[in-house]
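A structural walkthrough
Chain by chain, the residues:
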Amino acid sequence: MDAAMVTALGALLASPLAAAAAVYGSRGAIRAAREGGVIGGYDSLTARLTAERDKAEKDQAAAEGLVDRLELEVARLRLLVTQLGGTP
């Protein structure tokens, strides 16, 4: 067996191994990209939910303040009705 034959046999044996490595590598890259997308989507969703929660808490505080002011106004009007001789 001469050197050319050994080289040719080596190339024939190496090509399926290289193909298998390429397939395995591309699967790993696809999986990494998919998992990276999931993590990025999770971070985006978490940020949006946090912003919505903060806005809802501010809206609730504003609504509670409005309720307090309206209750004070109702109490003032009841007192005024009573002072004028009516029944609330």
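This text gives an overview of the structure that appears in the document. Just so it is clear, the structure is predicted and the values come from calculations on it, not from any experiment.

1. Focus on the pattern of salt bridges
Evaluated as defined, the whole model comprises four salt bridges. Between Lys 55 and Asp 59 there is a salt bridge, and its shortest N-O distance comes to 2.9 Å. With Lys 55 and Asp 59 both in helix H1 (residues 3-83), this residue pair falls four residues apart, about one helical turn. Lys 55 sits in the exposed class, given a relative accessible area of 53%. Under the relative-accessibility criterion, Asp 59 is labelled partly exposed at 42%. A salt bridge links Glu 73 to Arg 76; its shortest N-O distance comes to 2.8 Å.

Rules used in this analysis
Residues numbered from 1 in each chain as written. Predicted model: local features only at pLDDT ≥ 70, side-chain atom pairs only at ≥ 80, totals over all residues. Heavy atoms only, no water. Salt bridge = Lys/Arg side-chain N within 4 Å of Asp/Glu carboxyl O. Helix = DSSP H or I, 4+ residues; strand = E, 2+ residues; numbered from the N terminus. Buried < 20%, exposed > 50% of the residue type's maximum accessible area, 1.4 Å probe, protein only.

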